[in-house]
2 protein chains.
Amino acid sequence: MRAALMYGAGDVRMEDVSDPKLEEPTDALVRVVRSCVCGSDLHAYRAMPACGQGQQMGHEFIGVVEETGSEVTGLRAGDLVVAPFAFADNTCDLCREGLPTSCPRGGIFGAAQAEALRVPQAQGTLVRLPVDEDSELLPSLLTLADVYGTGHHAAVTAGIRPGTTTTVIGDGAVGLLAVLSARRLGAERIILMGRHTDRTDLGRDFGATDVVPERGQEGVERVRELTRGEGTRTVLEAVGHLDAYETAMGVVRAGGVVSRVGVPQYEQGPIGFVPMFGKNVTLTGGPAPVRAYIDELLPDVLSGRVQPGRVFDRTVGLEEVPEGYRAMNEREALKVLVRL
Amino acid sequence: MRAALMYGAGDVRMEDVSDPKLEEPTDALVRVVRSCVCGSDLHAYRAMPACGQGQQMGHEFIGVVEETGSEVTGLRAGDLVVAPFAFADNTCDLCREGLPTSCPRGGIFGAAQAEALRVPQAQGTLVRLPVDEDSELLPSLLTLADVYGTGHHAAVTAGIRPGTTTTVIGDGAVGLLAVLSARRLGAERIILMGRHTDRTDLGRDFGATDVVPERGQEGVERVRELTRGEGTRTVLEAVGHLDAYETAMGVVRAGGVVSRVGVPQYEQGPIGFVPMFGKNVTLTGGPAPVRAYIDELLPDVLSGRVQPGRVFDRTVGLEEVPEGYRAMNEREALKVLVRL
């Protein structure tokens, strides 16, 4: 079958690879119907050392079940399904507590930019979708695999409630869906920090009430001006770079919460008295337990009440995945949908 | 009057200084009845550069009101009072939200190891005590100024509830009172990390169910052995050094909370994917808003249900304050009470 492989920074190729097959009785085989390129794939696209051995990519997909292992119940060939970016058994203590990303039997998908893939822990992972495979809802449903659930995680862990004022840092797909999620949970005022007008315009559609294009200390001061000098009680950090973390600590109000959902591209950061401890600031977030959120988020997507799929502004075929990476990396595209 | 002044690391002297007097209409003058030496004073005692100009010390006291400014109501000369280590107006938004340590009119006391001191924002700061000045409850009441409220803050911000399992890092006064606080809030299992047997014995009296004397990676492994390899959902870090932070991240369970109340003696720390983000760990805590807790904590102290004053294991007179620093610094004493 055909699959996208990354050979190093800026080097994604389409190649023939061997077809996936069932390996464990808890597996399923899924034919991919939609996939996409993630902002976190771009971290590798910018930094991966060149390598003679290509690595399959992709962790977001909607597909059709082709075959299931002997221990999989509740799924059958022909089912249209969405998967969270992390597979999990959905039965262990951590899964039941809502943290499938820490499931001891779990892991992250890494081969969804392909014609098909093997899904471990299929029963705990895959969620059947009550639409067919050419539904116009597919882009929005696909965001349940990662970016919508991730934006929701930022809003939930930050403690967004009706009436909350919040700052969202980053105008990528996750940042914009953090805006949508904060609005959906009742945030009254949402300050979006981003400098790409086409993206921040979509952010306004999703519920942003203020847009701050300035960055760094200038951006911090702008947010403080908008909030009586105090900053906001909650900050949703949807970038993952150290300067975004520093901005978050700069705009959070004393006693407030910074939730990070951008995968940190740094190991160390300032957590001492001045930026954090002295103000009683809480730092939370992490990889979103997307599976735990799908049941809650699905109805509003199916009803059309929210349209998170609007983050896709370009659609390519599977053979054009390398072009999709290039377009996203050069910020020509916000998020690229792959239609098979 | 007589007061303790620090001239540099290891150099505390008793000297005559000018008597404090009212400066603002919101001030009160308080004659000190009990003071003490704090673990955080020791940070200065170990690290302060030598200086020709001595600096008054001390932020914990019980005293008798001698005089009040014209805008102070509800207090009169002769009242026995306790003060939180940070003064605050107790009327602004942040105070009303329970964060007096971030009050714009607030600050930290710094001259309580003396015969008397000026108390800014007296009405918002001082709490009258319904006992007299030779009450046997004074040591326990004095812990409301800092160490008990600080231990309580760790337990509250970590989210200790009935049935919680927690790890407390540090067997100083704050760590031991974090144990007492966790127990008071219903924690079922409390693992105390500390290696001074006399202190951890008091920790057991306060509610610790397990004691781990090992430190560093060995200590982390020991806590994991005690918790099915998982670590604990909550960790109360009552030391303030980077290795204690690293231990906290090592023993916290996925999805758990680390609350710091030891004043961080570091600026940067590991907050990347492996120690923190990937496990969805929350980092919280800060300077305890002690004033906000006194009303809740006072009744159990007055009734004798809790005896946080047991952390004082040595009593000195004011002239012996330098000896008190030495004894605490050399770990001869856990916490030194100053009786005037």
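Residues numbered from 1 in each chain as written. Chains lettered and ligands numbered in written order. Predicted model: local features only at pLDDT ≥ 70, side-chain atom pairs only at ≥ 80, totals over all residues. Heavy atoms only, no water.

Q: It is not clear to me how the interface of chain B and chain A should be interpreted in this structure. Could you clarify?
A: The interface is formed by 39 residues belonging to chain B together with 39 residues belonging to chain A. Contact between chain B and chain A buries roughly 3100 Å² in total, counting both sides, with carbon and sulfur atoms accounting for 53%. The largest share of the area that chain B buries against chain A comes from Ile271, Phe277 and Asn280 of chain B, three residues that together contribute 24% of it. Joining chain B to chain A, the criterion identifies six salt bridges. Inspection of the region where chain B meets chain A yields 22 residue pairs in polar contact (both at pLDDT 80 or more). Breaking the side of chain B that touches chain A down by element, the ones donating at least two residues are α2 (93-96), β15 (252-260), β16 (268-270) and β17 (282-285) of chain B. (Contact = heavy atoms within 4.5 Å. Buried area = accessible area lost by both parts, 1.4 Å probe. Salt bridge = Lys/Arg side-chain N within 4 Å of Asp/Glu carboxyl O. Polar contact = N/O pair within 3.5 Å; in protein donor to acceptor, adjacent residues only side chain to side chain. Helix = DSSP H or I, 4+ residues; strand = E, 2+ residues; numbered from the N terminus.)

Q: Help me out: how do you make sense of the packing of aromatic side chains in this one?
A: Aromatic ring pairs: the centre-centre distance and the angle between the two ring planes describe each pair. Tallied over the full model, the rule gives ten aromatic pairs over all chains. Judged by centre distance (5.8 Å) and plane angle (50°), the rings of Phe273 of chain A and Phe277 of chain A are tilted. For Phe273 of chain A, a relative accessible area of 37% corresponds to the partly exposed category. Relative to Tyr266 of chain B, the ring of Tyr245 of chain B lies with its centre 6.0 Å away and its plane at 50°, an arrangement referred to as tilted. Here Tyr245 of chain B, found in helix α9 (residues 242-251), pairs with Tyr266 of chain B, found in the loop between β15 and β16; they are 21 residues apart in sequence, far enough to count as distant. Summarising the burial analysis for this pair, Tyr245 of chain B and Tyr266 of chain B share the class buried. The rings of Phe61, Phe87 and Phe109 of chain A are connected pair by pair, giving a single aromatic cluster. The ring of Tyr7 of chain A carries Arg13 of chain A above its face, with NZ or CZ at 3.7 Å from the centroid. (Phe/Tyr/Trp six-rings, centres within 6.5 Å; stacked < 30°, edge-to-face > 60°. Buried < 20%, exposed > 50% of the residue type's maximum accessible area, 1.4 Å probe, protein only. Lys NZ or Arg CZ within 6 Å of the ring centre and 35° of its normal.)

Q: How do you make sense of the UniProt feature "domain: Alcohol dehydrogenase-like C-terminal" (unreviewed entry) in chain A when you look at a structure like this?
A: Within this numbering scheme, the UniProt entry marks residues 173-285 of chain A as carrying the feature "domain: Alcohol dehydrogenase-like C-terminal" (unreviewed entry). Taken end to end, residues 173-285 of chain A comprises 38% helix and 27% strand; its first and last C-alpha atoms sit 17 Å apart. (UniProt positions renumbered as here; feature names shortened; annotations may be inferred.)

Q: How should I be thinking about the sheet that holds strand β4 (residues 55-56) of chain A in this particular structure?
A: Each strand in a sheet pairs with its neighbour through backbone hydrogen bonds, running either in the same direction (parallel) or in the opposite one (antiparallel). Residue and element names in this part refer to chain A. Spatially, three strands are ordered β2-β1-β4 in an open sheet, and the strand pairing comes out antiparallel. Edge positions in the open sheet fall to β2 (11-16) and β4, since each of these has one partner strand only. Two strands pair when backbone bridges link them, and strand β1 (residues 2-8) and β4 are joined in this way by two bridges, in the antiparallel orientation. Bridge pairing links Leu5 to Gln56 in β4. Sheet strands touched by helix α11 (residues 321-329): β1 and β2. Its angle to β2, the strand with the most contacts, is close to 165°. (Pairing = 2+ DSSP bridges. Axes fitted to C-alpha atoms, helices over the stretch in contact; angles between N-to-C directions.)

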